[in-house]
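Below, each chain spelled out in residue letters.
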Amino acid sequence: MTKVLILDQSKSVRNILRERLEYEGFSAEAVENEAAASALCERIPFDVILSDTECKVPDAGIPFIALSADTSIDTAVKAVRNGAQDFLTKPIDMNRLLQSLHRTIDNPAPAQAPPAAPPVRRRRAHSAQAERIIGVSPEIEHVRQLIDKVAPCEARVLITGENGTGKELVARWLHAKSVRAAAPFVEVNCAAIPSELIESELFGHERGAFTSAVKQRKGKFEQADGGTLFMDEIGDMSLAAQAKVLRALQESRISRVGSDRDIEVNVRVVAATNKNLREEIQKGNFREDLYHRLAVIVVRVPPLREHAGDIPALVEHFIRTIASEYGSAPKPIDADALAELQRMPWSGNIRELRNVIERLIILSGDRITARDVKEYC
Ligand SMILES: Nc1ncnc2c1ncn2[C@@H]1O[C@H](COP(=O)(O)OP(=O)(O)OP(=O)(O)O)[C@@H](O)[C@H]1O
């Protein structure tokens, strides 16, 4: 199992990253300073360190990825000059982080040998605008038709499907095609938030509600007022949090942690899960009443293996978008390389396909060949 050390002064960042990485199958430890990191590095052979640029990374010869809330090119260049394998800005885009971790682990360049001039890369903007849904298969057409029918009405929607199938993309389109399109689309990943923080994350808190509540904060429900709240990985929420969400949905009211005042909210909830919620209800892990509140309409997003005919169009799309992020020309791909990609099982679905295309663009020569696919996938 890949071992990751998280070095960050913020407890919530440490908790969120640790929980999410453990969820993704990594073994993760988190510390707040260099001394603790050095001590841990002596005991545990970490494969990679994730470190905020405010912290000093222990000199243990372990590749590291720099994280920072400062998005300036100067900070990125400095981090790479200091030996970082990659630089990611906060708030962390988990897809990017996972890609970066896999790249670092698969290809750990010595931490002491940073490139002289790091490539400047335009990162994908995390904008409210939804990316295009690629695919003309009957399966994807069906999803598109459902979006068109369901988006304009106010009904709550539950989106189901395996990881990486495009559930978030569907949620963004449901918002973009609704009457709420001009209002915020706010997302919350219920699996990434430790159970003790979820209530404050969803409903906000008053100053002094708990030790670290140094100022008043609006929760996701209030932030999404007038718009759409996308609750991802809803099946991973604790029963206690489920009860609070149920009340918010029943009454369209919430109260911040530490307050006894109710606040009215006008939010359309779109939820997503990769779990079978009916099975979770049988096991006692998910409230049936909440399920019926959320799943007025169910949109199932198919796994990529059920619409493999869309792979060539998706590959072409990713080659173009990734090339433009890197500021380079799109690389051609050989027909037999494409055929090879169509034969793969894609258990990580479209996200995995995107990651593979990014890897192939970086590692292949002038064009992507079948040999590249066999070597790098
Ligand atoms: N039909 C599609 N056309 C183009 N891009 C797509 C399509 N479906 C998914 N993607 C892209 O694949 C990646 C994964 O999609 P997304 O995050 O929506 O999946 P998800 O089902 O929400 O994943 P998870 O369950 O892990 O949260 C994103 O980069 C998304 O833009």
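No experiment lies behind these values; they were computed from the predicted model shown.

Within the open sheet, the five strands sit side by side as β2-β1-β3-β4-β5. Their pairing is parallel. Two strands close off the open sheet at either side, each with one partner strand: β2 (27-31) and β5 (86-89). The average undirected angle you get between the axes of adjacent strands in this sheet is 20°. Contacts from helix α2 (residues 34-43) reach β1 (3-7), β2 and β3 (48-52), with the element oriented near 165° to β1.

This part covers the nonpolar core. Generally speaking, soluble globular proteins have nonpolar side chains that are buried together. Of all hydrophobic cores here, the largest spans 32 residues; its most connected members are L202, F221, L229, M231, I234 and M237. With five residues, helix α9 (residues 239-251) is the single largest residue contributor to this core. Ignoring sequence-local partners within four residues, the contact set of M237 consists of C190, I198, L202, M231, Q242, V245 and L290. Formed by 20 residues, the second largest nonpolar core is a distinct cluster that contains I134, F318, I350 and L360.

Taken from the UniProt record, the annotation "domain: Sigma-54 factor interaction" (unreviewed entry) applies to residues 133-362. Across residues 133-362 one finds 43% helix and 14% strand; the C-alpha atoms that close the span lie 24 Å apart.

Under the domain assignment used here, the protein chain contains domain 1 (3-106), domain 2 (138-300) and domain 3 (304-376). The interface formed by domain 1 and domain 2 contains zero salt bridges. Residue composition of the side of domain 1 that touches domain 2, grouped by class: two nonpolar, two polar and two charged.

Cut-offs applied
Residues numbered from 1 in each chain as written. Predicted model: local features only at pLDDT ≥ 70, side-chain atom pairs only at ≥ 80, totals over all residues. Heavy atoms only, no water. Pairing = 2+ DSSP bridges. Helix = DSSP H or I, 4+ residues; strand = E, 2+ residues; numbered from the N terminus. Axes fitted to C-alpha atoms, helices over the stretch in contact; angles between N-to-C directions. Contact = heavy atoms within 4.5 Å. Core = buried A, V, L, I, M, F, W, Y, C linked by side-chain atoms within 4.5 Å. Buried < 20%, exposed > 50% of the residue type's maximum accessible area, 1.4 Å probe, protein only. UniProt positions renumbered as here; feature names shortened; annotations may be inferred. Domains from an automatic or database assignment. Salt bridge = Lys/Arg side-chain N within 4 Å of Asp/Glu carboxyl O. Nonpolar A, V, L, I, M, F, W, Y, C, P; charged D, E, K, R; others polar.

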